[in-house]
Amino acid sequence: MPKAKASKTKTPKTKAPKATIIKASAPKATAPTSAASRSKGKVGVKKALHPRNAHVNGYDFPALIAAYPELKLWVRPTPYGELSIDFADAKAVKALNAALLKHHYGVAHWDIPKGALCPPIPGRVDYLHYLADLLEEGDELLMPTRVNVLDIGTGANGIYPILGSRVYGWQFVAADINRESLANVAQIIERNPLLQGQIDLRHQQDERSIFNGIIQPNEHFALTLCNPPFHASLAEASAGASRKLRNLQFNRGQAPRPFARPAQLAKAELNSAALNFGGQAAELWCEGGERQFLARMIAQSQGFASQCLWFTSLVSKQENLRPCYQALGKLAVDTVKTIEMHQGNKITRVLAWSFLSPSKRQQWRREFLGAK
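Residues numbered from 1 in each chain as written. Predicted model: local features only at pLDDT ≥ 70, side-chain atom pairs only at ≥ 80, totals over all residues. Heavy atoms only, no water.

Colleague: Mind laying out the overall build of the chain, listing which residues take part and the relevant values?
Modeller: Helix and strand counts for the chain stand at 12 helices and 13 strands. Counting the 372 residues in the chain, one finds 52% classified as buried. Counting contacts in the chain only where the partners sit at least 6 residues apart, residues at least 24 apart contribute 69% of the total. In the form shown here, the chain has an accessible surface area of approximately 17,300 Å², with 52% of it arising from carbon and sulfur atoms. (Helix = DSSP H or I, 4+ residues; strand = E, 2+ residues; numbered from the N terminus. Buried < 20%, exposed > 50% of the residue type's maximum accessible area, 1.4 Å probe, protein only. Contact = heavy atoms within 4.5 Å. Areas by Shrake-Rupley, 256 points an atom, 1.4 Å probe, with all protein chains shown as cover.)

The following block contains the structure:
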């Protein structure tokens, strides 16, 4: 199984005295750019997706339309002769996701409520591929055969449990503070028999807790994963959504709409289908934003140090890494890894930490994951 190549160990100014901190970069993989590939209707998702990513060679729109005919309504040729969709149109993005899930992952029925976060599937499945590499830890002889994963804040789309169960056969606990989001994921599971028995939905009743109330006594997880809300307020999330829409308009060569002042943006406007990826309040923002959410997650992870092999989270803002290292440096963490995922011009980071030493992680995998 391909691995992310580890660069030289980089030590931040503040770190755990005993922790090994490793920075790794994603292996490079380039999407096709030739005229031949474009003539087949494939549009690159940008370069550097994980080599095992099913979308590393771009979107094959003819194949996607064959699997999900409704997508045809939204596909148009670009000025360069390629097939694509309007990524600023929420309905078009949702149709693309439904087509990708059906064609590549066998999930025939997927839908989300209006205004719910519509995730970019190539980037989401990349996270899972790097977590699979993390579990293997360079030793294919100890590749686990049964894996329990906790998805923190699964949202209404349930994308990580869906993809993880289909790509790797992992068992998931999907947790969220929003009952309506969990109800929608339950409907997706009910309509797709191949997901049944793979995903356990749990409601987090305490919005200040990450793991308490979700992880049960004597329950063990190989991985926890999370895509934390990265805005600190509704106004900040609204401004970010406006910038995203403006950038998409620039990319399409359209005259951008003027920025709206955050104070003028109502909650209903944030949830409007005019925004490309949508997002409900808990999915987009929380008090203190991504930095405070990660600080709370790190602090609370210590209480479950022996029940989880690896704690992980996406970190969208690079400046939030240093506070994370500082917080981890105050705990009895053995290993911290930061993996950079390059998706086009965007860099997203996976922060992973374990309280167990390498030898104890090896023993843990044998005991709880069926590794041989």
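Colleague: Let's hear about unusual backbone geometry: which residues, and what values?
Modeller: With a phi angle near 65°, Asn218 is a residue other than glycine that sits in the positive phi range. Mapped onto the elements of the fold, Asn218 is located in the loop between strand E9 (199-203) and strand E10 (221-226).

Colleague: So what's going on with the pattern of salt bridges? Residues and values would help.
Modeller: A side chain of one charge can pair with a side chain of the opposite charge if their charged atoms are brought near each other. This structure, assessed with the given rule, holds 6 salt bridges. One salt bridge connects Asp111 with Lys94, and the closest N-O pair in it is separated by 3.0 Å. Of the two residues, Asp111 is situated in the loop between helix H3 (90-105) and helix H4 (121-136) and Lys94 in helix H3; the sequence distance between them amounts to 17 residues. Asp334 is the partner of Arg361 in a salt bridge, and the nearest nitrogen-oxygen pair spans 3.8 Å. Of this pair, Arg361 sits in helix H12 (residues 358-368) while Asp334 sits in the loop between helix H11 (321-329) and strand E12 (335-343); the two residues are 27 residues apart in sequence, bridging distant segments of the chain. (Salt bridge = Lys/Arg side-chain N within 4 Å of Asp/Glu carboxyl O.)

Colleague: I'd love a proper account of the packing of helix H10 (residues 289-301) against H11, names of residues and values included.
Modeller: The description of two helices packed together rests on the angle between their axes and the distance between the axes. Their axes nearest at 10 Å, the elements H10 and H11 cross at an angle of 20°. By the angle class used here, H10 and H11 are roughly parallel. Pair H10 / H11 crosses with right-handed handedness. Residue-level inspection shows Arg291, Leu294 and Ile298 of H10 in contact with H11, the latter providing Pro323, Cys324, Ala327 and Leu328. By residue class, the composition of the contact of H10 with H11 is 6 nonpolar, no polar and 1 charged. (Axes fitted to C-alpha atoms, helices over the stretch in contact; angles between N-to-C directions. Parallel < 35°, antiparallel > 145°, perpendicular 65-115°, else oblique. Left-handed = near helix turned anticlockwise from the far one by under 90°. Nonpolar A, V, L, I, M, F, W, Y, C, P; charged D, E, K, R; others polar.)

Colleague: Lay out the nonpolar core with the relevant residues and their values.
Modeller: Membership of the largest hydrophobic core comes to 59 residues, with the highest contact counts inside it found for Leu71, Leu101, Trp110, Leu135, Trp170 and Leu223. With sequence-adjacent residues up to four places away left out, Leu223 is seen in contact with Leu131, Leu134, Leu135, Asn148, Val149, Leu150, Trp170 and Trp310. With 31 residues, the next largest nonpolar core counts Ile215, Phe311, Cys324 and Leu351 among its residues. (Core = buried A, V, L, I, M, F, W, Y, C linked by side-chain atoms within 4.5 Å.)

Colleague: Could you give an account of H3, with specific residues and numbers?
Modeller: For H3, spanning 16 residues, the distance from its first C-alpha to its last is 21 Å, which sits close to the expected 22 Å at 1.5 Å a residue. For H3, the set of buried residues is Ala90, Ala92, Val93, Ala95, Leu96, Asn97, Ala98, Ala99, Leu100, Leu101 and Tyr105. Of the surrounding elements, those touching the buried residues of H3 are strand E4 (59-60), helix H2 (61-67), H4 and helix H5 (159-168). Among the residues of H3, the N-terminal cap falls to Asp89, whose side-chain oxygen and the backbone nitrogen of Lys91 are separated by 2.9 Å. Positive backbone phi, approximately 75°, marks Gly106, located one or two places after H3. (Expected span 1.5 Å × (residues − 1). Polar contact = N/O pair within 3.5 Å; in protein donor to acceptor, adjacent residues only side chain to side chain.)

Colleague: Talk me through the confidence of the model for the chain; I want residue IDs and the actual numbers.
Modeller: Of all residues in the chain, 71% attain a pLDDT of 70 or more, and the chain-wide mean is 79. Low pLDDT, under 50, characterises residues 1-17; the stretch is placed with 42 contacts to residues that sit more than four places away or in other chains. Throughout residues 28-41 the model reports pLDDT below 50, and contacts reaching past four residues in sequence, or to other chains, amount to 24 contacts. (pLDDT = per-residue confidence, 0-100.)

Colleague: Break down the side chain of Asp126 for me, citing the residues and quoting the values.
Modeller: Within the secondary structure, Asp126 sits in helix H4. We note that Asp126 is buried and unpaired, the nearest opposite charge coming from Arg52 at a distance of 8.8 Å. Of the polar contacts made by the side chain of Asp126, one reaches the side chain of Asn53; its length is 2.7 Å. Setting aside chain neighbours within four positions, we find Asp126 in contact with Ala48, Leu49, His50, Asn53, Met341 and Gln343. (Lys, Arg positive; Asp, Glu negative; His and termini not counted.)

Colleague: Give a description of the pairing of E9 that names residues and reports values.
Modeller: With 5 bridges connecting them, strand E8 (residues 171-176) and E9 associate as parallel partners. Note on E9: the bridge partner recorded for Ala174 is Leu201. A crossover connection joins E8 to the parallel E9 through helix H6 (residues 179-191); in handedness this β-α-β unit is right-handed. (Pairing = 2+ DSSP bridges. Right-handed = clockwise from strand over helix to strand, strands pointing away.)

Colleague: Outline the environment of Glu290, listing residues and values.
Modeller: Looking at the secondary structure, you find Glu290 in helix H10. When its relative accessible area of 2% is taken as the criterion, Glu290 is described as buried. Between the C-alpha atom of Glu290 and that of Lys317, which follows or precedes it by 27 residues, the distance is 8.1 Å. Here the side chain of Glu290 touches Asn320 through a polar contact of 2.7 Å, side chain to side chain.

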